[in-house]
Amino acid sequence: MDAVATLDIANLASAGEDVITRLSATQGRLSGEFGTPNSLVSEVIASFATRTNATSTRMSRDDARRGIDRAALHAAIDAALDHLPNSSHARTAYDPVCGIGSTLLAIATSISEPVSLVGTEVDEDIAVLAQLRGYLAGHPIAMVVADSTRCDTWPGHRADLVVAEPPFGLRAPDGLPTLDERWQFGIPSGLAFDTVWLQEAIHHLTDDGRAYVLQRRAVESAGHGIGAIRRAMIASGAIEAIVALPAGLMSHTRIPVALWVLRTPNADAQPVLFIDASRPDTEVLARRVDAAEILADDDANLMPERWVGDSAADAEQVRADLARTSDSITEAFETLKRRLAITTPPLDFSTTETMTISELKRAGAIAELTRGTIRPGAGGDLPDDVIRPAHVRDGVLPRPADDAEAIGSAREFTRPGAVLVTTTHGLAATVDHDGGHRVSQQVHVLYGHPDAIHPEYLAHAIVGTWNDRFLTGAGVMHARIQDLQVPFPPIDDQFALMTAVFEAARIATSAEALRIVALDRGRSLLGAARHQVNLAAPTPTA
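The following paragraphs examine the structure supplied in this document. (Residues numbered from 1 in each chain as written. Predicted model: local features only at pLDDT ≥ 70, side-chain atom pairs only at ≥ 80, totals over all residues. Heavy atoms only, no water.)

**Observations regarding the overall build of the protein chain**
1) Next: The number of helices and strands found in the protein chain is 17 helices and 17 strands.
2) Next: Of all 542 residues assigned to the protein chain, the portion counted as buried reaches 49%.
3) Next: When contacts within the protein chain are restricted to residue pairs at least 6 apart in sequence, those whose partners lie at least 24 apart make up 72%.
4) Next: Looking at the protein chain as shown, the accessible area adds up to about 25,800 Å², and 53% of this sits on carbon and sulfur atoms. (Helix = DSSP H or I, 4+ residues; strand = E, 2+ residues; numbered from the N terminus. Buried < 20%, exposed > 50% of the residue type's maximum accessible area, 1.4 Å probe, protein only. Contact = heavy atoms within 4.5 Å. Areas by Shrake-Rupley, 256 points an atom, 1.4 Å probe, with all protein chains shown as cover.)

Given below as structure tokens:
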């Protein structure tokens, strides 16, 4: 604190960025998952969003490690921007997967006119960090803490610019809202879940707005649900351009990526501009292709190489893709191995008693067991801020009401650590870490004694598979919450067990990343056959 006190206020922002950068080198949570300060990929997205080349030419040690030539990249971005029309002035910029706000701040510093910045982030701590960065940089960010994939976190609002650098290859969560008006091109379920970010971005555009969404290259050509959604987007005129970008832009993965430039749909299909800037050391190629020609292709393939490259360039790209995917598989495998190097917690559950919710209540381990107090209105509707069973199943709670004191008494609102449970249509439970919510009568609210039971442990135990046998009903399956069974080890063992459970979840995330890059390698191998590449021949050297 003494060091901070001696800083000139003008240098406070840069000092803060330096601290965050140092943390990002040692903390997994900031090593790319939520963005990084001075992010190269954020500079690239901001360059296209503002039509101003925001990429720095100053090389870093990390750039060299990733094989990035910033001078060549800067020139490639200039060449790519020459193919795009000038954009209108942006008054509002929105990022539905904001992380620490790097892309929004890159936009704000690239244009001279003031722009309102709005972001959504699922992690509250990261959202606070984004707001702090915005404050220090003089560009405040209005943050919404929620999961954009499970609900419209910014309903009724539109932005001139929508930008997103989302995580890749996530699977659709259970309880994905299928009737969500954002899914105008198709439900982003299963393997099509990557399209959730494209559809979210388009939904929040003004009539003349543009969206810039980073996607892994597989989304341009994959079939099944992704292909159908891609066709619908092309036919509506929602896709303005696809820009293939160089490998290595992202600090946490070498998965090849492209930038999708999107616009508000209209009744007529519009041509799509393809830009291949994937090899900064060669000419940036571009071609505008009629939508009818793209839709005539069996796969409605949107890979720029498909439309602008020649066979020699395609062969070179296939070899480069094979080399990149090989590196990516090695990197993902090493990450998975590191996370597999864990030990089973040395816990002895041989004497652990299993108790019902009723027994835990009588023993005082569960201090309160109630139902929510909010009844549906005359039309069966509930206010937007009220937690209902769907919120519990999704694990994403609505934003609390701004005027809480005016709409209810204190006992109607949850306190931090409330365990919310629904026992209809199956068992689901989640924890309200912040409190301040009103709850529907269809949802149970439990509070554990802080010295006896951990809220996360209780929520996980309630949905243990052993409790499925208590579900009954010919139509709607339901259970009595009082009958559900919870193993009851000491509180310290509960903490240790949940640490291991969360470690297992991180292993699942790493395994999914490995699956994605392995599939990308398979597509590259098929590309070798398509472009008549001799894989037996030695790779040419410079």
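**Describing the packing of helix H16 (residues 455–462) against helix H17 (residues 491–530)**
When two helices pack together, you describe them by how their axes are tilted relative to each other and by the distance separating the axes.
1) Next: Where H16 meets H17, the axes come as close as 9 Å, and the angle between the chain directions of the two elements is 65°. Relative to H17, the element H16 lies roughly perpendicular. Along this stretch, H16 crosses H17, giving a crossing that reads as left-handed. In this structure, H16 contributes Glu-456, Tyr-457 and His-460 to the contact, and H17 contributes Gln-494, Leu-497, Met-498, Val-501 and Phe-502.
2) Next: Tallied by class, residues from the contact of H16 with H17 come to five nonpolar, two polar and one charged. (Axes fitted to C-alpha atoms, helices over the stretch in contact; angles between N-to-C directions. Parallel < 35°, antiparallel > 145°, perpendicular 65-115°, else oblique. Left-handed = near helix turned anticlockwise from the far one by under 90°. Nonpolar A, V, L, I, M, F, W, Y, C, P; charged D, E, K, R; others polar.)

**Looking at the nonpolar core**
1) Next: Within the largest apolar cluster, 52 residues are counted, with the highest numbers of intra-cluster contacts made by Phe-48, Leu-117, Tyr-212, Leu-214, Leu-245, Leu-249 and Leu-259.
2) Next: Beyond its immediate stretch of four places on either side in the chain, Leu-214 contacts Val-41, Ile-45, Ala-164, Glu-165, Pro-166, Phe-168, Leu-245, Met-250, Val-257, Ala-258 and Leu-259.
3) Next: Within the second largest apolar cluster, 41 residues are counted, among which are Phe-185, Leu-205, Ile-239 and Phe-274. (Core = buried A, V, L, I, M, F, W, Y, C linked by side-chain atoms within 4.5 Å.)

**Re H16**
1) Next: Taking burial as the measure, the eight residues of H16 include six buried ones, the bulk of the element.
2) Next: Those residues of H16 not exposed but buried are Glu-456, Tyr-457, Leu-458, Ala-459, Ala-461 and Ile-462.

**What about the sheet that holds strand E7 (residues 257–263)?**
1) Next: If you walk across this open sheet you meet the nine strands as E3-E2-E1-E4-E5-E7-E6-E8-E9, and the pairing is mixed. With one partner strand each, in any of the chains shown, strand E3 (141–145) and strand E9 (285–289) form the two edges of the open sheet. Across the sheet, the mean angle from the axis of one strand to that of its neighbour is 15°, orientation sign disregarded.
2) Next: Bridge count between strand E6 (residues 239–244) and E7: five bridges; the pairing is antiparallel. (Pairing = 2+ DSSP bridges.)

**Comments concerning the packing of aromatic side chains**
Aromatic rings in a pair are described by how distant their centres are and how their planes are angled relative to each other.
1) Next: Inspection of the entire model under this criterion finds two aromatic pairs.
2) Next: Residues Tyr-94 and Trp-154 carry aromatic rings whose centres are separated by 4.5 Å and whose planes lie at 25° to one another, so their mutual orientation is stacked. Here Tyr-94 is found in strand E1 (residues 92–95), whereas its partner Trp-154 is found in the loop between E3 and strand E4 (159–164), with 60 residues between them in sequence. Accessibility assignment for this pair places Tyr-94 and Trp-154 in one class, buried.
3) Next: Here the aromatic rings of Phe-274 and Trp-307 are separated by 5.9 Å at their centres, their planes lie at 20°, and the arrangement is stacked. Here Trp-307 lies in helix H11 (residues 304–308) and Phe-274 lies in strand E8 (residues 272–276), a separation of 33 residues in the sequence.
4) Next: Just above the ring of Tyr-447 sits the side chain of Arg-415; from NZ or CZ to the centre is 4.0 Å. (Phe/Tyr/Trp six-rings, centres within 6.5 Å; stacked < 30°, edge-to-face > 60°. Lys NZ or Arg CZ within 6 Å of the ring centre and 35° of its normal.)

**Observations concerning the side chain of Gln-199**
1) Next: Take Gln-199: it is sitting in helix H8 (residues 195–203).
2) Next: Look at Gln-199 and you get buried, because its relative accessible area is 0%.
3) Next: Only 3.3 Å separates the side chain of Gln-199 from the backbone nitrogen of Gln-184, close enough to count as a polar contact. (Polar contact = N/O pair within 3.5 Å; in protein donor to acceptor, adjacent residues only side chain to side chain.)

**Focus: the pairing of E8**
Consecutive side chains of a regular strand alternate in pointing toward one face of the sheet and then the other.
1) Next: E8 sits mainly inside the fold: five of its five residues count as buried.
2) Next: Burial along E8 is two-sided: Val-272, Phe-274 and Asp-276 and Leu-273 and Ile-275, pointing in opposite directions, are all buried.
3) Next: Examined bridge by bridge, E6 and E8 share four bridges and lie parallel to one another. Paired with Val-243 across the bridge in E8 is Ile-275.
4) Next: Across five bridges, E8 lies against E9 in antiparallel orientation. Bridging across to E9, Leu-273 finds its partner in Arg-288.

**Concerning the sheet that holds strand E14 (residues 428–432)**
1) Next: The strand order E11-E16-E13-E14 describes an open sheet built from four strands, whose pairing is antiparallel. One side of each edge strand has no neighbouring strand; the edge strands of this open sheet are strand E11 (366–371) and E14. Strand-to-strand twist in this sheet, taken as the mean axis angle between neighbours without regard to direction, amounts to 20°.
2) Next: Bridge analysis of E11 against strand E16 (residues 444–448) gives five bridges, and the strand direction is antiparallel. Across the sheet, residue Ile-366 finds its bridge partner in E16, namely Gly-448.
3) Next: In this fold H16 packs onto E11, strand E13 (418–422), E14 and E16, with an angle of close to 170° to the strand it touches most, E14.

**Observations regarding unusual backbone geometry**
1) Next: Of note in this structure, Arg-51 is not a glycine but carries a positive phi near 60°.
2) Next: Residue placement: Arg-51 occurs in the loop between helix H3 (40–50) and helix H4 (61–65).
3) Next: Classification of Arg-51 by relative accessible area gives buried; the value is 16%.
4) Next: One non-glycine residue, His-425, lies in positive phi territory at about 60°.
5) Next: For His-425, the location among the structural elements is in the loop between E13 and E14.
6) Next: Since its relative accessible area comes to 55%, His-425 is described here as exposed.

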